[in-house]
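# Chains, contacts and geometry: an overview
What follows is each chain in one-letter form.
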Amino acid sequence: GEVNRDATCLFCRIVAGEVPATVVAEDERTLAFLDINPASDGHALVVPKAHAADLGAADPEDVAATARAAQALGARMRERLGADGVNVLTAWGEAAWQTVFHLHWHVIPRYAGDEARD
Ligand code: 5GP
Ligand code: ZN
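The rules behind these values
Residues numbered from 1 in each chain as written. Chains lettered and ligands numbered in written order. Predicted model: local features only at pLDDT ≥ 70, side-chain atom pairs only at ≥ 80, totals over all residues. Near = placed C-beta within 6 Å. Nonpolar A, V, L, I, M, F, W, Y, C, P; charged D, E, K, R; others polar. Helix = DSSP H or I, 4+ residues; strand = E, 2+ residues; numbered from the N terminus. Pairing = 2+ DSSP bridges. Axes fitted to C-alpha atoms, helices over the stretch in contact; angles between N-to-C directions.

### Considering the site of ligand 1
Taken together, 14 residues lie near ligand 1, and I36, N37, A91, T99 and V100 sit nearest. For the shell around ligand 1, the class distribution of residues is 10 nonpolar, 3 polar and 1 charged.

Put into structure tokens, the structure is as follows:
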């Protein structure tokens, strides 16, 4: 279907297929793809297909849909990647280190003994 998009937004361009990404999950409202600079193997980003600058600006239905998608992806990381835990987080605002202004949930598989904490 047709969704709101911002032609200058990197993640809208990924959703539209104009910028390549490794897609790991997709449904009607959401897309998940691997982070280009992963904090751990399998680090993915879940975004709503509709443009929203951040968590505050997003349609509540898209917040719910992306949270559900992050839950499912985290479960898959535990089952298929053998992750022992998963960080799920979103940066909301520049002061919180948001750098791409299209809502995205980081879904980061973690492994027992893994030293990286970023
Ligand atoms: P933020 O810092 O806004 O929370 O997260 C933005 C994330 O987007 C970063 O982890 C960064 O590595 C990732 N990223 C930036 N540009 C690209 C890109 O072109 N493709 C992909 N797959 N990820 C990107
Ligand atoms: Zn966008």
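### What about unusual backbone geometry?
A positive phi is found at W97, a non-glycine position, where the angle reads about 75°. Within the secondary structure, W97 is located in the loop between β4 (85–89) and β5 (105–110).

### Description of the sheet that holds strand β1 (residues 23–26)
The strand order β1-β2-β3-β5-β4 describes an open sheet built from 5 strands, whose pairing is antiparallel. Lying at the two open borders of the sheet, with one neighbouring strand each, are β1 and β4. This sheet shows a mean twist of 20° between the axes of neighbouring strands, independent of strand direction. Alignment of β1 against strand β2 (residues 30–34), held across 3 bridges, turns out to be antiparallel. By the bridge assignment, E26 is partnered in β2 with L31.

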